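Chain residues, written in single-letter form:
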Amino acid sequence: LEALKASQHMLYVGRKGAGKTANFYQVAEALRDNKRNHVCLIKPVDYEMEGLVSLLSMNMNKASPGYLTESIWKFLLYTELAASVYHEIAERPPYLAPTETESAFLTFVDTHRQLVLDDFSERMESMIKELCQIDSSDEIRQDRIRISEVLHVQLLAELRERLGQALVDREKVVILVDNLDKAWRQQ
């Protein structure tokens, strides 16, 4: 019930078996009951998180890991949200034809299929491989530019705009993420 009342963001923690995943699905179901809501579920598996953790331990400028983390999450969250919106529109019955804005969104995503519609783990793996090839420099600015280039920052700006247009009539847009703790180790 607390999650349904949340206005911005909430983080739920608990021991294995405490019901976090069960609550994840209950919240999603309750939110989907209102057709004016859009609910995007993200449930990465543990090896995907391990890849992210190993990427963050790269030998980069000391100021870059925070920027890298933020950039990766923006990329993954926006592309996951875009994929869920795409599938919701594309899977509607034929008598609910997409609006002009929705059709433009579908075309945009089709044009960037690999970056948006590939499986989460495939996008994560591809991104990690590209980011691991970045040579660290002594300048924070240079590292950030290289990270931005790999994460297709121009694409994300256009994707954000098109998502906003496609979701303009929604009461709520909710992103629920499960399994973030899978790669955490005691150290």
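Residues numbered from 1 in each chain as written. Predicted model: local features only at pLDDT ≥ 70, side-chain atom pairs only at ≥ 80, totals over all residues. Heavy atoms only, no water.

## Some remarks on the pattern of salt bridges
Two side chains with opposite charge may pair up if their charged atoms get near one another. Counting across every chain of the model gives 6 salt bridges. One salt bridge in this structure joins Glu171 and Arg36, with 3.0 Å as the shortest N-O distance. Of this pair, Glu171 sits in the loop between α9 (153-166) and β2 (172-177) while Arg36 sits in the loop between α2 (20-32) and β1 (37-42); the two residues are 135 residues apart in sequence, bridging distant segments of the chain. (Salt bridge = Lys/Arg side-chain N within 4 Å of Asp/Glu carboxyl O. Helix = DSSP H or I, 4+ residues; strand = E, 2+ residues; numbered from the N terminus.)

## A short note on the confidence of the model for the chain
Per-residue confidence for the chain gives a mean pLDDT of 79, with 71% of residues at or over 70. Per-element averaging of pLDDT across the chain places helix α3 (residues 46-56) at the bottom with 56 and helix α5 (residues 100-111) at the top with 95. (pLDDT = per-residue confidence, 0-100.)

## Remarks on the side chain of His38
Here His38 shows up in strand β1. There is a polar contact of 2.7 Å between the side chain of His38 and the side chain of Ser84. Beyond its immediate stretch of four places on either side in the chain, His38 contacts Leu81, Ser84, Val85, Glu88, Leu167, Arg170, Lys172, Val173 and Val174. (Polar contact = N/O pair within 3.5 Å; in protein donor to acceptor, adjacent residues only side chain to side chain. Contact = heavy atoms within 4.5 Å.)

## Observations concerning the environment of Val39
Its place among the elements puts Val39 in strand β1. A relative accessible area of 6% means that Val39 is categorised as buried. Look past the residues within four positions of Val39 in its chain and what remains in contact with it is Ala28, Leu31, Arg32, Val174 and Leu176. (Buried < 20%, exposed > 50% of the residue type's maximum accessible area, 1.4 Å probe, protein only.)

## Concerning the nonpolar core
Ranked by size, the top nonpolar core spans 27 residues in total, and within it Leu76, Val85, Phe105, Val109, Leu159 and Leu163 carry the most contacts. For this core, the secondary-structure elements that each account for two or more residues are β1, α4 (64-90), α5, α7 (120-132) and α9. The element best represented in this core is α4, accounting for 10 residues. Setting aside residues no more than four positions away along its own chain, Phe105 makes contact with Ala82, Val85, Tyr86, Ile89, Leu159, Arg162, Leu163 and Ala166. (Core = buried A, V, L, I, M, F, W, Y, C linked by side-chain atoms within 4.5 Å.)

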